[in-house]
Amino acid sequence: MPTPIVNLRKDRERELAVLRPLAERFPNVDAAMSEIARLSAVLTLPKGTIHVISDIHGEDQKLRHVINNASGTLRPLVENMFAGRMEPKQLQEFLTLIFYPAEMTSLLEKQSRGETELREFALSTLRNLFELARVLTGRYSLKRAMEVFPAEYRGLMAEMLHEPTTERGAEFAAAIVDELSRRGRIWNLIHVTVRLVRNLAIYELIIGGDCWDRGPRGDLVVDYLRRQPNVSFIWGNHDAAWLGASLGHGALICHVLRVTLRYRRLGQIDEGYSIPWTPLEHLARTVYANDPATHFMPKGEGLRPAVVVARMQKAAAVMQFKFEGQAIARNPEWEMDHRRLLHHIDFTKGTITIDGVTHELRDKNFPTIDPANPYELSVEEKACFDRIRHSFLNSQKLSEHMHWLVSHGAMYLRRDDNLIFHGCVPVDAHGEFLPMIIDGEPCKGRAMFDAIEKMLVRVIDRPAEKDLDLLWYLWSGPHSPLFGKDRITTFERDFIGDKTSHHETKNPYFALIHEAWFCDKVLEEFGVAPAHGLIVNGHVPVKIETGESPLKRSGKAITIDGAFSAAYGDHGYTLVLEANRSFLARHHHFESVEAAIRDGVDIVPSVTNIRLWEKPRRMADTERGVEFRCQIEQLEHLIEAYRNNDLCQTPAQ
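Notes on the structure follow. (Residues numbered from 1 in each chain as written. Predicted model: local features only at pLDDT ≥ 70, side-chain atom pairs only at ≥ 80, totals over all residues. Heavy atoms only, no water.)

1. Some thoughts on the overall build of the protein
Scanning the protein for helices and strands turns up 26 helices and 16 strands. In terms of overall dimensions, the protein is globule-like: its C-alpha atoms have a radius of gyration of 28 Å, near the 26 Å expected for 653 residues. Projected onto its principal axes, the C-alpha positions of the protein cover 90 × 85 × 45 Å. In the protein, buried positions account for 56% of the 653 residues. Here the protein has roughly 28,600 Å² of accessible surface; of this, 51% comes from carbon and sulfur atoms. (Helix = DSSP H or I, 4+ residues; strand = E, 2+ residues; numbered from the N terminus. Rg over C-alpha atoms; globule rule 2.2 N^0.38 Å. Buried < 20%, exposed > 50% of the residue type's maximum accessible area, 1.4 Å probe, protein only. Areas by Shrake-Rupley, 256 points an atom, 1.4 Å probe, with all protein chains shown as cover.)

Structure follows, in C-alpha cells:
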C-alpha cells in the first residue's frame, strides 16, 4: 500500500500537470498577478445583459428583428443619445441602418452621392456608431469587448473607438474613411460596425428551445443564431424531433414531414436542407391518387395544389403512426401500449376503440394498412421512405445545424438566480418528481435532465436505436420534461371528429408552479437559491388574448412562450436580465423586413418589470463571477508553484 508521502507526491504531480497549460499563458509571477488584478476588476463591473427568447418556431424574420433591435432596448438608447442632435428623418434612417445594415448599406450605396457627400456621410455615421459603441463597451472588460470585434477589423476598430482625443485631430478618422472609400470598402466598414453595436448590446443570447415547426424557415432561424457571438441553447421537444429526424428515426422523419406539410413550410425542407419532396409526392399521386384527404388540407397557400399537399400529409401521417407503434413495442418500459392505435381500427365498420371508447372514423381510407399487420410499411411506403431517409441522413446543412445545437445546447441553464428550461419538471399531483427510464435506470428531477443531456451529446455521433427512440419519447412521451402531457393526440385530431378524444392532460407541474412551496422545491433541486430564484420556461403559449399573465401567482415562475409564431398568435416575449432589473418585453406583430426598411416599422415592445434590484448586480454576483473566482484561485496556485520552484518561470522579454 502506498505511503501517505507517496500519495501527497502524486497529488502534487497531478496539480502541476493541471497548472502547466496555464503556465503557457502566464509564464511568470508578474503575468499571473496581472491577470488576477484584471479578473478582480472585472468582478466589479455590471453584469452583462442576457436576453432569453423561447419557442421561435421557424419565424426567422421576426427573430432577426428582435435580435437586431436588442428586444427593443437599442431604440431608447439611440434616441436618448441622438434625438437632440439629429432631425427625425435622419434619426429614423440611423435606427434602420442599425436594425438592417446589409439592406440599408446596399440601398444607400446605390443612391447617387458625390465623393464629398459620401465622405461626410461615412464620417458622420461612423462617429455616431462608435460613440454608441463606446457607451456599450463600458459594460464590458476590454478583453471581452475585443472578442466581439470582427477579427479582420479588430485593430482598426480599436483605433477608431479611441479616436476622439486631444492628440488626434479630425484627419485621423478622415484618413481611414478616405483610404477605404478609395478601395471601395467603406460601406463594408459601416456594415460591420453596425453589427458590432448590435453584438455589444446583448452579452448573452439564450434560446429556450423550439427553433422549428409552424413558422416558415427553421433552417434560417439556426443560420441566424450561428452568426451571433454568444449564444446558449436549451433543448425543446421540437428540436429533439428534428435531431432524431436528422439521424434517421422513422417516426420523427415522418412527423417533421407531416407538420411541414400541414403549415405549407416546404421551403425549409427542399431549399433549406436539400431534401427533395419527390418520393412522398409520388406516393401521394399514386397510392393516394383518388383520396380526397379532406381533413388534411394545409394551412396557407402555395404552388402545389392543396389536395396534393393534403395527400402527402396523410401519407406521412400514416407512416408516422406505423413507426410510432414499432417504437412503443420496442420499449415496453414506457408503458405506452395504449397509444399503439392502428390495430384497434375496425376496418369493416370504420371505427376505432381508444381507452375503451369506440369512435367513428371520419376518414376511412387506409390504402397502405394491412389489417393483419398494421404497423408494417407497404412496399410503396418502404420505397418512398428509404429514399427520404437517405436524404435526411445525407443533408450536410441539417447535420451541421444539429452538431452546432448539440455543442451549444443544454437541458437547463442557471443565470442570475433564474432556472431556465424548456418545458417542465415531471411530477405527480403531490409535487413528487416522476421518473423517466434512461439507460435502463429511472431518473427524476435534476438527475433526469443531466442524463438526457448526456444522451443528446452521444447520440449525435453514435445514433443507437435505443437513443433514437428516446428522442421520440422526448418529443411526446408522458414523462418527458420537454413535452409535459399524458399523450399527443395527433391520430385523434386527424381521424376522429369527436373533439373529446382530442384532449391532452397537462402534467401537474403547470398547475403547481402557481404555488411558492413547489417552486422552492424545484429551485433547490437544481441548485438555485429560492430566496431570489425564478423558474423560467417556455413550451406552453401564454394566452395573451384572454388576459393570462406570464408571471404565475407564486411570483416565482414565469412562462416566456408568448406565441412568437404567427400560427400561435404572432406575439412573443424576451426576458431581459439587466444589472438593475429583470423585465419581460412583449413583442407584437412584425410586418416584414421590407416594411421596416421602407417605412421604419419597428417592434416596440411593451415592458413589464419582473425583478428590481436595489443595487445593480455585478459580475461577482453571477455564475460567470464564480468562474472568474475559480480562475483567480488557479492563478494563485500557479504563483505558489513558481515561488516554490515547482514550475520554472519564463522571464519577461
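Here the narrative resumes.
2. Brief notes about helix α13 (residues 237-246)
Burial analysis of α13 places 10 of its 10 residues in the buried class, which makes it a mostly covered element. Taken residue by residue, α13 has Asn 237, His 238, Asp 239, Ala 240, Ala 241, Trp 242, Leu 243, Gly 244, Ala 245 and Ser 246 as its buried positions. Where α13 ends, the next residue or the one after it, Gly 248, has phi of about 95°, a positive value.

3. A short note on the packing of helix α2 (residues 29-42) against helix α26 (residues 623-643)
The interhelical angle for the contact between α2 and α26, taken along N-to-C directions, is 160°, at an axis separation of 9 Å. The orientation of α2 with respect to α26, classified from their angle, is roughly antiparallel. Handedness of the crossing formed by α2 with α26: left-handed. Residues Val 29, Ala 32, Met 33, Glu 35, Ile 36, Leu 39, Ser 40 and Val 42 of α2 form the contact with α26, whose own contacting residues are Phe 628, Gln 631, Ile 632, Leu 635, Glu 636, Leu 638, Ile 639, Tyr 642 and Arg 643. Residue composition of the contact of α2 with α26, by class: 12 nonpolar, two polar and three charged. (Axes fitted to C-alpha atoms, helices over the stretch in contact; angles between N-to-C directions. Parallel < 35°, antiparallel > 145°, perpendicular 65-115°, else oblique. Left-handed = near helix turned anticlockwise from the far one by under 90°. Contact = heavy atoms within 4.5 Å. Nonpolar A, V, L, I, M, F, W, Y, C, P; charged D, E, K, R; others polar.)

4. Some words on the environment of Asn 537
By secondary structure assignment, the location of Asn 537 is in strand β12 (residues 534-537). In this structure, the C-alpha to C-alpha distance between Asn 537 and Pro 371, residues 166 residues apart in sequence, is 43 Å.

5. Some thoughts on the pairing of strand β9 (residues 418-421)
Where burial is concerned, the two faces of β9 agree: the one with Asn 418 and Ile 420 and the one with Leu 419 and Phe 421 are both buried. Two elements, strand β8 (residues 412-415) and β9, share four bridges in a ladder whose sense is antiparallel. Along β9, the bridge assignment pairs Tyr 412 with Phe 421. What sits between β8 and β9 in their antiparallel hairpin is a turn of two residues, with Asp 416 showing a positive phi close to 50°. Note that β9 and β12 share four bridges and pair parallel. Residue pairing across strands places Phe 421 opposite Asn 537, the latter belonging to β12. (Pairing = 2+ DSSP bridges.)

6. Comments concerning the side chain of His 539
By the secondary structure assignment, His 539 is in the loop between β12 and β13 (557-559). By relative accessible area, His 539 is classed as buried at 14%. Among the polar contacts listed, one links the side chain of His 539 to the side chain of His 422, at a separation of 3.1 Å. Within polar-contact distance, the side chain of His 539 engages the backbone oxygen of Phe 483 at 2.6 Å. Setting aside residues up to four positions removed in sequence, His 539 forms contacts with Ser 54, Asp 55, Asp 210, Asn 237, His 422, Gly 423, Leu 482, Phe 483, Phe 510 and Asp 561. (Polar contact = N/O pair within 3.5 Å; in protein donor to acceptor, adjacent residues only side chain to side chain.)

7. Some words on the sheet that holds β13
Whenever strands of a sheet pair, they do so through backbone hydrogen bonds, lying parallel or antiparallel. One open sheet accounts for four strands, arranged β8-β9-β12-β13; its pairing is mixed. Each end of this open sheet is capped by a strand with a single partner; those strands are β8 and β13. The sheet shows a mean angle of 20° between the axes of neighbouring strands, taken without regard to direction. This element, helix α20 (residues 446-459), spans β8 and β9 of the sheet and lies at about 115° to β8.

8. So, the packing of helix α5 (residues 88-99) against helix α7 (residues 115-137)
At a minimum axis distance of 12 Å, the contact between α5 and α7 shows a crossing angle of 70°. In terms of their interaxial angle, α5 and α7 are classed as roughly perpendicular. Relative to α7, the crossing made by α5 is right-handed. Residue-level contacts link Glu 93, Phe 94, Leu 97 and Ile 98 of α5 to Phe 121, Thr 125, Asn 128, Leu 129 and Leu 132 of α7.

9. A closer look at the nonpolar core
For soluble globular proteins, nonpolar side chains are generally found buried alongside one another. In terms of nonpolar packing, the biggest core is built from 191 residues, with Leu 189, Leu 280, Phe 392, Leu 471, Tyr 509 and Leu 638 touching the most fellow members. Setting aside anything within four residues of it in sequence, one finds Leu 280 in contact with Leu 257, Leu 261, Met 312, Ala 315, Ala 316, Met 319, Cys 384 and Ile 388. Core analysis: the next-biggest nonpolar cluster, separate from the first, contains 18 residues, Ala 410, Ile 420, Leu 534 and Val 542 among them. (Core = buried A, V, L, I, M, F, W, Y, C linked by side-chain atoms within 4.5 Å.)

10. Section: the sheet that holds strand β4 (residues 345-346)
Pairing is antiparallel across the open sheet formed by three strands, whose spatial order is β4-β5-β6. A strand with exactly one partner marks an edge of an open sheet, and here the two such strands are β4 and β6 (357-360). Alignment of strand β5 (residues 351-354) against β6, held across four bridges, turns out to be antiparallel. Paired with Ile 354 across the bridge in β6 is Val 357.

11. Some points on the pairing of strand β15 (residues 581-586)
Residues in a regular strand point their side chains to alternate faces of the sheet. Sheet analysis places strand β14 (residues 573-577) next to β15, joined by five bridges and oriented antiparallel. Across the sheet, Thr 574 pairs through a bridge with Ala 585, a residue of β15. Pairing of β15 with strand β16 (residues 606-612) involves six bridges; the strand directions are antiparallel. In the strand pairing of β16, Arg 581 is matched with Leu 612.

12. Quick word on unusual backbone geometry
With a phi angle near 50°, Asp 355 is a residue other than glycine that sits in the positive phi range. Relative to the helices and strands, Asp 355 is located in the loop between β5 and β6. Judged by relative accessible area, Asp 355 falls into the partly exposed class, the value being 48%. For Asn 645, which is not glycine, the phi torsion reads 65° and is therefore positive. Summarising the element assignment, Asn 645 is placed in the segment after α26.

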